[in-house]
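These are the residues of each chain, in order.
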Amino acid sequence: MRILNASGCLDALAAPDVARQLDGFVTKTVTPLPREGSAPPRIAETAHGMLNAIGLANPGRERFLAEYLPRLRELGVPLWVSVGGFCAEDYAEMCARLADEGVEAIELNLSCPNVDEAADSAAEIVAACRRATALPLYAKLSAAHPDVAEVARAVAAAGADGLSLINTLRAFAFDRRLRPVLARGSGGLSGPSLKPIALHAVTVCHEAAGLPIVGMGGIESGRDALEFAVCGARDVALGTVLFADPSAPARVREELVAACADAGVVNPEDARSLAKSPETERKVPA
Ligand SMILES: Cc1cc2nc3c(=O)[nH]c(=O)nc-3n(C[C@H](O)[C@H](O)[C@H](O)COP(=O)(O)O)c2cc1C
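Computed from a predicted structure; not experimentally measured.

Visitor: What is the right way to look at the overall build of the protein in this model?
Guide: Across its full length, the protein carries 10 helices and 12 strands. On C-alpha atoms alone, the protein measures out to a radius of gyration of 18 Å, which is about the 19 Å that the 2.2 N^0.38 rule sets for 286 residues. Projected onto the principal axes, the alpha-carbon positions of the protein cover approximately 55 × 50 × 35 Å. Out of the 286 residues in the protein, the part that is buried amounts to 55%. Residue pairs in contact within the protein that sit at least 24 positions apart in sequence constitute 69% of those at least 6 positions apart. Where the 28 positive side-chain charges of the protein centre and where its 36 negative ones centre are 4 Å apart.

Structure, rendered in structure tokens:
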């Protein structure tokens, strides 16, 4: 099981020592044009997790390729580039530009705002990217879709090599004076409250699509990571936990060894055998 960071949750150039603990560094989503993102405050802690409305702030494709990617390569950590856009061509063009850039994989952020997440649209984007690159393509989906397993099946048929599950869920919180905590109003909820939703999404998508999955959503410990493995995740990504604990990748890796021993499995790859799928169970008559 590889331990990655979740896109947007680590600035590897500002914190290279954290990035070097990872088995792969996933960039913040890159869009064709630079984006300043939403007005502040755009991050807030709530009693139920973190809310963010960063708004995909990023330097844009050209500056990313010219200035950021060469510096990220110097870290010596396998690189995953998270690609965003507003139509299939946006995504496909960036995928084509990443050939020969020393990138290990591409994560397609199919769950960013302004991108229609209907099964057709996600599949269309993946198909366009598939034609543009031979690099491994991971489709990052949102559990907000009424049937995320159907989307998983559609992107698998369109040529995705793997799935990243899940992105933040749209949410809202008030401050003490009943004003929205975020300037933009709503934002994406992340952290431990996402974990049960993510575990379910990983389970049903694993059953539906059978693709390698990077599981994420509220992972804070080795035990959490093992739970994702039981649901069918091959790898995991750490997001919100990195804001509080920069040593989380090394700590989670250590704890995972102990969690496997506790569960009676040799390694996380064997943990799937412990699964009792809720979807399969449901089909068994009472
Ligand atoms: C501050 C912040 C910025 C994020 N930016 C991105 C992004 O640019 N692209 C993306 O695909 N996901 C982004 N995410 C979502 C995370 O990658 C991850 O899917 C989500 O936070 C769930 O994991 P967690 O609960 O461990 O944080 C962001 C999350 C946070 C908290």
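Next comes the rest of the account.
Visitor: What is the right way to read the packing of helix H2 (residues 61-73) against helix H3 (residues 88-97) from this model?
Guide: A packed helix pair is summarised by two numbers, namely the angle formed by the two axes and the spacing between the axes. Interaxial distance between H2 and H3 falls to 11 Å at its minimum, and their mutual angle equals 20°. Between H2 and H3, the crossing angle belongs to the class labelled roughly parallel. The handedness of the crossing between H2 and H3 is right-handed. Where H2 abuts H3, its residues Arg61, Glu62, Phe64 and Leu65 lie against Asp90, Glu93, Met94 and Arg97. Split into classes, the residues belonging to the contact of H2 with H3 amount to 3 nonpolar, no polar and 5 charged.

Visitor: Would you take a moment to explain the packing of helix H7 (residues 222-231) against helix H9 (residues 248-263) for this structure?
Guide: Where H7 contacts H9, the axes come no closer than 7 Å and their chain directions differ by 60°. The angle between H7 and H9 falls in the class oblique. For the element pair H7 and H9, the recorded crossing hand is right-handed. Each of Gly222, Arg223, Ala225 and Leu226 in H7 lies in contact with H9, whose residues at this interface are Val252, Glu255, Leu256, Ala259, Cys260 and Ala263. The residue inventory of the contact of H7 with H9, partitioned by class, reads 7 nonpolar, 1 polar and 2 charged.

Visitor: I keep staring at the environment of Asn109 and nothing clicks. Help me out?
Guide: Note that Asn109 resides in strand S6 (residues 105-109). When its relative accessible area of 5% is taken as the criterion, Asn109 is described as buried. For the pair formed by Asn109 and Val204, sequence separation is 95 residues and the distance between their alpha carbons is 20 Å. Once you skip the residues sitting within four places of it in the chain, Asn109 turns out to touch Thr29, Leu56, Ser82, Val83, Tyr91, Lys140 and Asn167. Here Thr29 takes part through its side chain, which lies 3.1 Å from a polar atom of the side chain of Asn109. There is a polar contact of 3.1 Å between the side chain of Asn109 and the backbone nitrogen of Ser111.

About the criteria used
- Counting restarts for each chain, with residues numbered from 1 along the sequence as it is written.
- Restriction of local features to residues with pLDDT of at least 70 applies here, the model being predicted, together with a cutoff of 80 or more for giving and counting side-chain atom pairs; totals for whole chains, interfaces and linings are based on all residues.
- Side-chain descriptors were evaluated using all non-hydrogen atoms of the structure, hydrogens and water having been removed beforehand.
- Helix numbering and strand numbering both begin at the N terminus, where a helix is a DSSP run of H or I of at least 4 residues and a strand a DSSP run of E of at least 2.
- Using C-alpha atoms as the atom set, the radius of gyration is obtained and then compared with a globule rule of 2.2 Å times the number of residues to the power 0.38.
- Each residue is placed in one exposure class: buried if its accessible area under a 1.4 Å probe, protein chains only, is under 20% of its type's maximum, exposed if it is over 50%, and partly exposed if it falls in between.
- Only heavy atoms enter the contact rule, under which two residues are in contact if any of them lie within 4.5 Å.
- When charges are counted, neither His nor the chain ends are considered; positive counts come from Lys and Arg and negative counts from Asp and Glu.
- Charge placement uses NZ in Lys and CZ in Arg. For Asp and Glu, CG and CD serve respectively.
- Fitted lines through C-alpha atoms give the axes, limited to the stretch in contact for helices. The angle between two N-to-C directions lies from 0 to 180 degrees.
- In these notes the angle categories are as follows: under 35 degrees is roughly parallel, over 145 is roughly antiparallel, 65 to 115 is roughly perpendicular, and the rest is oblique.
- If you view the pair so one helix is near and one far, a crossing is left-handed when the near helix is turned anticlockwise from the far one by less than a right angle, and right-handed when it is turned clockwise.
- Three classes are used: nonpolar for Ala, Val, Leu, Ile, Met, Phe, Trp, Tyr, Cys and Pro, charged for Asp, Glu, Lys and Arg, and polar for all others, with Gly counted as polar.
- Residues adjacent in sequence count toward polar contacts only when both atoms are side-chain atoms; beyond that, a polar contact is any pair of N or O atoms within 3.5 Å, and within protein one must be able to donate a hydrogen and the other to accept it.

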